[in-house]
Amino acid sequence: KANYGTMVGTVRVNGQETTVSKFRSVTGFVPQDDIVFEDLTVREQIYFSARLRNDVSTSENKIKHIVNDVLNIMQIDHIQNTIVGGVEQRGISGGQRKRVNISLELAAQPTLLFLDEPTSGLDATSSLAVALSLKTLCGLGMTSIMVIHQPRYSLFTLFDDVLLLGKGGRTVYLGDSRGAKRYFEHLGFAMAGNENPADWFMDVISGEVKNAGIAKFEPAKLFDMWDDNESFPAVDHDESGPRLRRTLTFIEATQMDRAVLTASLQEEFARIDPNLNFVINEDDLSLLLTRLAGAEPGETVVRELMDRMAGPDAETVSERQFLSYLNGLSEEVAGDSDANAEVEGASPTWGRRFRNMRRRPRAASEDSSDSEPDTASQGSADNSDDSEDSENEALHARGQTLSRKTPGFLVQMKILMTRRLVQWWRMTERIVFIIALIFAATFFGVLDRCIVVQPLWDANPVLYLHTALALLMGIFCLHIFGDAQPLFWRERARGINVSAFYLSRVIINMVDVVMLTFFFTAIYYVVRQPCVPYCTWVLPFFLVSLVASAWGTLVSLAVQPVKGAFFVTLLIFIICALLGQPAMLVVMLQGGQVEVIASSLSLTRWSVAMNFCTSMTMLHPDPMRMGPKDQAVFGLEKDVYLKRDWWGIGIWETGLCAMLVMSTVIRIIAFVLLVYRNRDKNV
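Residues numbered from 1 in each chain as written. Predicted model: local features only at pLDDT ≥ 70, side-chain atom pairs only at ≥ 80, totals over all residues. Heavy atoms only, no water.

Caption draft 1: Layout of the confidence of the model for the protein chain. A residue-level look at the protein chain finds 81% of positions with pLDDT of 70 or above and a mean pLDDT of 79. Every residue in residues 236-257 scores below 50 in pLDDT, and together they form 36 contacts with partners more than four places removed in sequence or on other chains. A low-confidence stretch, residues 330-400 stays under pLDDT 50, and its non-local contacts, those more than four residues away or across chains, total 102 contacts. (pLDDT = per-residue confidence, 0-100. Contact = heavy atoms within 4.5 Å.)

Caption draft 2: Representation of the side chain of arginine 605. Within the secondary structure, arginine 605 is located in helix 26 (residues 604-619). At 4.4 Å, glutamate 595 is the nearest oppositely charged side chain to arginine 605, a buried residue that forms no salt bridge. What arginine 605 contacts, discounting residues up to four positions off in sequence, is Leu585, Leu589, Glu595, Ala598, Ser599 and Tyr641. (Helix = DSSP H or I, 4+ residues; strand = E, 2+ residues; numbered from the N terminus. Buried < 20%, exposed > 50% of the residue type's maximum accessible area, 1.4 Å probe, protein only. Lys, Arg positive; Asp, Glu negative; His and termini not counted. Salt bridge = Lys/Arg side-chain N within 4 Å of Asp/Glu carboxyl O.)

Caption draft 3: Main features of helix 7 (residues 197-206). Within helix 7, the full set of buried residues consists of Pro197, Ala198, Trp200, Phe201, Val204 and Ile205. Take helix 7 and look down its axis: the buried residues cluster within an arc of 160°, on one side only. Phi turns positive, to about 90°, at glycine 207, one or two residues after helix 7. (Arc of directions from axis to C-beta.)

Caption draft 4: Broad picture of the sheet that holds strand 4 (residues 112-116). Here three strands make up an open sheet; going across it, the order is 3-4-5 and the pairing parallel. Pairing within the sheet leaves two strands with one partner each, and these edge strands are strand 3 (27-30) and strand 5 (143-147). Across this sheet, the average inter-strand angle for adjacent strands is 15°, counted without regard to direction. Bridge count for strand 4 against strand 5 is five bridges, and the pairing is parallel. Directly across from leucine 112, in strand 5, lies its bridge partner threonine 143. Contacting strand 3 and strand 4, helix 3 (residues 94-106) crosses the sheet at an angle of about 165° to strand 3. (Pairing = 2+ DSSP bridges. Axes fitted to C-alpha atoms, helices over the stretch in contact; angles between N-to-C directions.)

Caption draft 5: Looking closely at the pattern of salt bridges. Taken as a whole and judged by the stated rule, the model has 15 salt bridges. Across the pair aspartate 307 and arginine 303 runs a salt bridge, and its minimum N-O distance is 2.9 Å. Highlighted residues: aspartate 307 and arginine 303, both in helix 13 (residues 299-310), separated by four residues, approximately one helical turn. For aspartate 307, a relative accessible area of 24% gives the class partly exposed. Owing to a relative accessible area of 25%, arginine 303 belongs among the partly exposed residues under this scheme. Salt bridges linked by common partners bring Arg53, Glu105 and Arg490 together as one network.

Caption draft 6: Representation of the packing of helix 19 (residues 460-476) against helix 22 (residues 534-558). In the contact formed by helix 19 and helix 22, the axes pass within 8 Å of each other and the chain directions differ by 40°. Relative to helix 22, the crossing made by helix 19 is right-handed. For the pair formed by helix 19 and helix 22, the contact residues are Leu465, His466, Leu469, Ala470, Met473 and Gly474 on the first element and Pro540, Phe541, Val544, Ser545, Ala548 and Gly552 on the second. (Left-handed = near helix turned anticlockwise from the far one by under 90°.)

Caption draft 7: How the structure looks around helix 21 (residues 498-528). Between its first and last C-alpha, helix 21 extends 44 Å over 31 residues, near the 45 Å set by a 1.5 Å rise per residue. Sitting at the head of helix 21, asparagine 497 places a side-chain oxygen 3.0 Å from the backbone nitrogen of serine 499. Downstream of helix 21 by one or two residues, glutamine 529 has phi in the positive range, about 55°. (Expected span 1.5 Å × (residues − 1). Polar contact = N/O pair within 3.5 Å; in protein donor to acceptor, adjacent residues only side chain to side chain.)

Caption draft 8: Quick peek at empty space enclosed by the protein. Counting across every chain of the model gives three cavities of 30 Å³ or more. Put simply, the largest cavity is a space of about 160 Å³. For the largest cavity, the lining is made up of 17 residues, of which Leu456, Asp458, Val462, Pro530 and Trp537 are closest to its centre. Counting residues per element, the ones that place at least two in the lining of the largest cavity are helix 19, helix 21 and helix 26. When grouped by side-chain class, the residues that make up the lining of the largest cavity number 13 nonpolar, two polar and two charged. (1 Å grid on protein atoms, 1.4 Å probe; cavity = no way out; pocket = protein on both sides within 12 Å on 5 of 7 lines; lining within 4 Å. Points joined across faces, edges and corners; volume = space filled by probe spheres on them. Nonpolar A, V, L, I, M, F, W, Y, C, P; charged D, E, K, R; others polar.)

Spelled out as C-alpha cells, the structure:
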C-alpha cells in the first residue's frame, strides 16, 4: 500500500464508526502487482490461502469445495495443476496469473473485497472476463470495491456505483455507472457518437473536452458542479427496477446465471421464513412476491402460482419448489412445475455459503406508497421487520458476523510447514550449491593432502574450510526471506501469525543446512582423512553452518535481495577469515572490550578451537619432532586456541555454548526485523 500522504476522515461500517482492521478476517485486498508463490501450482496457492484464512472450524471437505468453486468461478480450473512460475521459469500466462492473484483472496470467502487495478496488464476481453467473475460473486453477497483505469464501457456499466475523482482526489461524480454519461451531458458536455464513454469521462475530468456552456472551463470547476448537482437523478427510479428483474437482466449477460439467481431468491425466501422451516403458506408467498415484483399480486395470481409450484390445492410451498419454478422462468417466459424438481445448475457451495452474508437491499428497490396502508398491509410490514430482526439474530447465532476465528499459531504452523515442504521439494537452486560444495570439498582435500602438505593438527586448513562453508551457507540461506518478503507483507496484512511464518521457513531450511554440511564434510573427510572420528570432527562444522545460516537469514531481512550476496561475502570474510586468524587472535584475546567483540562476532574463534582441541586429544602432536617452522605455528595456535575457556567448563564445551548462543541471538534479531521492519509496506 502507499506509505505517503496523510490519511484523514472516518470509516463507517453499517452506520457505525470503526476501522477496517477490525474486520480483517472477513475482508480481502488484491494488490496491483501479482504477488503469488511462483513455485506452487494454481490449486495449491488457493488451497493454502483457504486453509489459513477461513474459520478454524471449517472442515477439510468444505475447504476442497471452496477451492473448486474459486477455480470454476475464475475460470482457471484447467490450469489448476500448473506451477505458476515467474521470469526465469515460465508458467501460466499474465492474465491467468492475475486471476490467481484475485483467487487468493476469494479463497478466504471475504464479505468485502478491495482490488487495486485488477485489470492492469490485461487485454479488453480478459478484463471483461475478470469483471464478470467478480460481478457474479457480488450477486452471491460479496461486496467488491476496486480502482480501475480505462475500462471498456461494457465493463464500466457492470459496476453498481462508480466514483470519479479529479486532480487532488476530490469527487467529480458518485453514483450509478449508467448515470455518469447523462450527468456530464447535463453539465453541457457533448460526446462524439463513436467514442468510448469511459474514456470520454477521463477526458472531461482532465479538461480535454470543451464545454459549450462555459467559456473558460477548467477541470477544477467540476468539483463545485458536483457539490451543486449532487442530488442529480442520474438514473430514473423505474430504470433500477425490482430486484428480480435486475437479477434476470444480469443473468442474460452472464454464463453463471443459475447460482446468482438462486442466491438472490434464497435471500428473499429466508426473509419471509425466519425460522428456517423452508416452507411458506399462501400469505407468505403473497408477501414474498410483493418484495420481488414491487407490487402486491392478486389472490387469484397467488393461488395459481401455488398450484404451479407445489401442485393443485397445495397449502404450502417449499423452498425447493419455489426455487425450481422461478429458475425455470429465467429460461422461458412461463413454465409449469407440478412435480418436485431439483434445482439444476445451482452452485452447491457458493450459494449456501454466501447466503448468510447478503447485503441489505437498496432503498430504491423497496416499494413505497403515499397512501395509508390497510391493516393487512401494516401487518405484513411488521412481519417483514420481525423477519429481518429474526434473521439477524439467526445469523449471529450461526456465527455469520463481520468477524471470524481464524486458525491460531499451532494450526497455522502445521499449514505453513506443509506449504514450505512443497516449496522445498521443488527447489532447484539446491543442486547448484551441492555441486559447489562438492567441488570446494574436493579441492581443499586434494590441496591439503597432495599439493600443500599440511600437518593433520594444523588449524589453518580448518580455518579455510570453516570460512568456505560459512560463505556458501550464508549465501544459500538468503533465499529464506529475500524474495518472499512481498508475500509475507501480503499475508501479514491478512492476519497470518508472524511467528508461525518465521519458524516454518527456518525449520524447513535446517534440512538443507544439515544435508549440505554433510555433503561438504563427508567428501573432504574421505579425501583428506584427518585421522580423528568423523562424528567428533564434524560437529564444529555443523555449528559453523548453524551460525552462518543465521547470518544469511538476518541479511536476507536487512538488505535488498540483489545486494544480499555482497553483504554476506563481506561479513563472512571479516568474522571468519579475518577475525579467526591466529595471528589476529593472539593480539585481540588479551582481555577487555576487544576480546569481547572478537568472541561475540567471530564464529571461527570457537569452531577452529574445537577442531584443534580434538586434534590435540586424538593425535598427540610432539613439538620435539617438528621443524622450526611447524614448532612456531604449533606454539602460536596452541597459545591462541587453548589459552582460555569461559566458566572453566573446557574449550570444547565453551565453543559449543558460545556458538549456540550466537546462532540464537542472531535469529532473534532476524525475527524482530521481520516483525517491525517494513510495517508500512503491508499489502
